[in-house]
Amino acid sequence: MKIEMYTPEEIERYKISHPAEIERILRGVMEKKSLVTAYSENNRDFLVTTLIGLDTQARALYFGYGPDEKVNDALLSSHTVSFNTAHDQVRVLFATSAMTRTTLYDEPVLKSAMPAELLRFQRREYYRLPTPLMNPMHCLIPTENGGLETTVADISIGGVSVLAYDREGALSVGKVYQGCQLALPEAGKHIVNLRICTIHEQSTPNGGVSRRAGCQFMGLSPSIETELQRYIIRLERERRAAQHFLG
């Protein structure tokens, strides 16, 4: 997601412009080695990297150099580069002027100016991506009545929505279910704790009942957060590629 996709009201609501607070957030991104996606102006070329240096006096940021020179060149030739990352499981967006190529610790890096402002969203307002129907993600939730198989409908760094054709009362709003098995396609199974925030019911064509539960991740480990962010980035990349092909 890029800043341009939000309304002026949303930008004003989540904007942070105090230099010390911007530095604090970006330093946290760097120290936790959170993944950062840098988008060129054409919206097709992007680099998944990390923030590896922050120079307060020079007001500069340093990012890991990409393995694809075509992508690096696209970022270097863009008048504006947009960045998407997370800090304490909260989505952070910002944009800078053109990047430059330099070295840090004798390694090639991409340098940008420190942003004058950034957007930091609240936890409850994560951007969620729908999961693909052809290769669905599943989550096994242990309940008092045994393991409940669910299908993940959408996902964010903050949580998931799951679909379940469950027994009456199998899930309870407000309850935390420990040891849930979240199976990420091509990335294996991960153990997570889920808090049920909402449950909506609807009738199915065959007369049954489908339940959609909105779930929040609780105590997510940094390693699992990284795997989730990688998966979300891949979903977003595939969605963009499909839109570009259809458009």
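Regarding the overall build of the protein
- Regarding its fold elements, the protein presents four helices and 16 strands.
- Burial status across the protein gives 47% buried among its 247 residues.
- Entry remark: accessible area of the protein is about 12,900 Å², with carbon and sulfur atoms responsible for 52%.

Things to note about the sheet that holds strand β9 (residues 118–120)
- With antiparallel pairing, the nine strands of this open sheet are ordered in space as β1-β9-β6-β5-β2-β3-β4-β8-β7. At either margin of the open sheet sits one strand with a lone partner, and together these are β1 (15–16) and β7 (100–104).
- Here β7 pairs with strand β8 (residues 107–113) via five bridges, running antiparallel. The residue bridging Thr102 from the neighbouring strand is Val109, located in β8.
- With respect to the sheet, helix α2 (residues 19–31) is in contact with β1, β2 (35–39), β3 (46–55), β4 (60–64), β5 (80–87), β6 (90–97) and β9, its orientation differing from that of β3 by roughly 115°.

Quick look at the side chain of Thr131
- Looking at the secondary structure, you find Thr131 in the loop between β10 (129–130) and β11 (137–143).
- Since its relative accessible area comes to 9%, Thr131 is described here as buried.
- Within the local environment of Thr131, its side chain forms a polar contact with the backbone oxygen of Val152, the two atoms lying 2.5 Å apart.
- Beyond its immediate stretch of four places on either side in the chain, Thr131 contacts Met137, Val152, Ala153, Asp154, Ile155, Tyr231 and Leu235.

Observations concerning the pattern of salt bridges
- Going through the model one piece at a time under the given rule, you end up with eight salt bridges.
- Arg101 is paired through a salt bridge with Asp73; the nearest N and O atoms lie 3.4 Å apart. Of this pair, Arg101 sits in strand β7 while Asp73 sits in helix α3 (residues 69–77), and the two are 28 residues apart along the sequence.
- Its relative accessible area of 38% is what places Asp73 among the partly exposed residues.
- Within the structure, one salt-bridge network assembled from shared partners comprises Glu69, Asp73 and Arg101.

As for α2
- Here α2 contains 13 residues, and its C-alpha end-to-end distance of 18 Å stays within 8% of the 18 Å for a straight helix at 1.5 Å per residue.
- Buried within α2 are the following residues: Ile22, Glu23, Ile25, Leu26, Gly28, Val29 and Met30.
- With its phi angle positive at about 55°, Lys33 sits one or two positions after the end of α2.

Notes on the environment of Ser40
- Checked against the element boundaries, Ser40 lands in the loop between β2 and β3.
- Note on Ser40: relative accessible area 1%, which makes it buried.
- Separated by 39 residues in the primary sequence, Ser40 and His79 place their C-alpha atoms 8.6 Å from one another.

Brief notes about the pairing of β4
- With five of five residues buried, β4 is to be regarded as a mostly interior element.
- Examined bridge by bridge, β3 and β4 share four bridges and lie antiparallel to one another. Looking at the pairing, Asp55 lines up with Ala60 of β4.
- In sequence, β3 turns back onto β4 through a hairpin of four residues, with Arg59 there showing a positive phi of about 55°.
- As judged from the five bridges shared by β4 and β8, these two strands associate in the antiparallel manner.

Section: the packing of aromatic side chains
- A complete count under the given rule lists three aromatic pairs for this structure.
- Here Tyr39 and Phe46 contribute two aromatic rings whose centre-to-centre distance is 5.7 Å and whose plane-to-plane angle is 45°, an arrangement assigned as tilted.
- Classification of Tyr39 by relative accessible area gives buried; the value is 4%.
- Here Phe46 falls in the buried class, since its relative accessible area comes to 16%.
- Aromatic side chains Phe63 and Phe83 sit 4.9 Å apart centroid to centroid with 15° between the ring planes, which places their arrangement in the stacked category. Taken as a pair, Phe63 in strand β4 and Phe83 in strand β5 lie far apart in primary sequence, 20 residues in all. Of the two residues, Phe63 and Phe83, neither departs from the other in class, the shared state being buried.

Basis of the calculations
- Residues numbered from 1 in each chain as written.
- Predicted model: local features only at pLDDT ≥ 70, side-chain atom pairs only at ≥ 80, totals over all residues.
- Heavy atoms only, no water.
- Helix = DSSP H or I, 4+ residues; strand = E, 2+ residues; numbered from the N terminus.
- Buried < 20%, exposed > 50% of the residue type's maximum accessible area, 1.4 Å probe, protein only.
- Areas by Shrake-Rupley, 256 points an atom, 1.4 Å probe, with all protein chains shown as cover.
- Pairing = 2+ DSSP bridges.
- Contact = heavy atoms within 4.5 Å.
- Axes fitted to C-alpha atoms, helices over the stretch in contact; angles between N-to-C directions.
- Polar contact = N/O pair within 3.5 Å; in protein donor to acceptor, adjacent residues only side chain to side chain.
- Salt bridge = Lys/Arg side-chain N within 4 Å of Asp/Glu carboxyl O.
- Expected span 1.5 Å × (residues − 1).
- Phe/Tyr/Trp six-rings, centres within 6.5 Å; stacked < 30°, edge-to-face > 60°.

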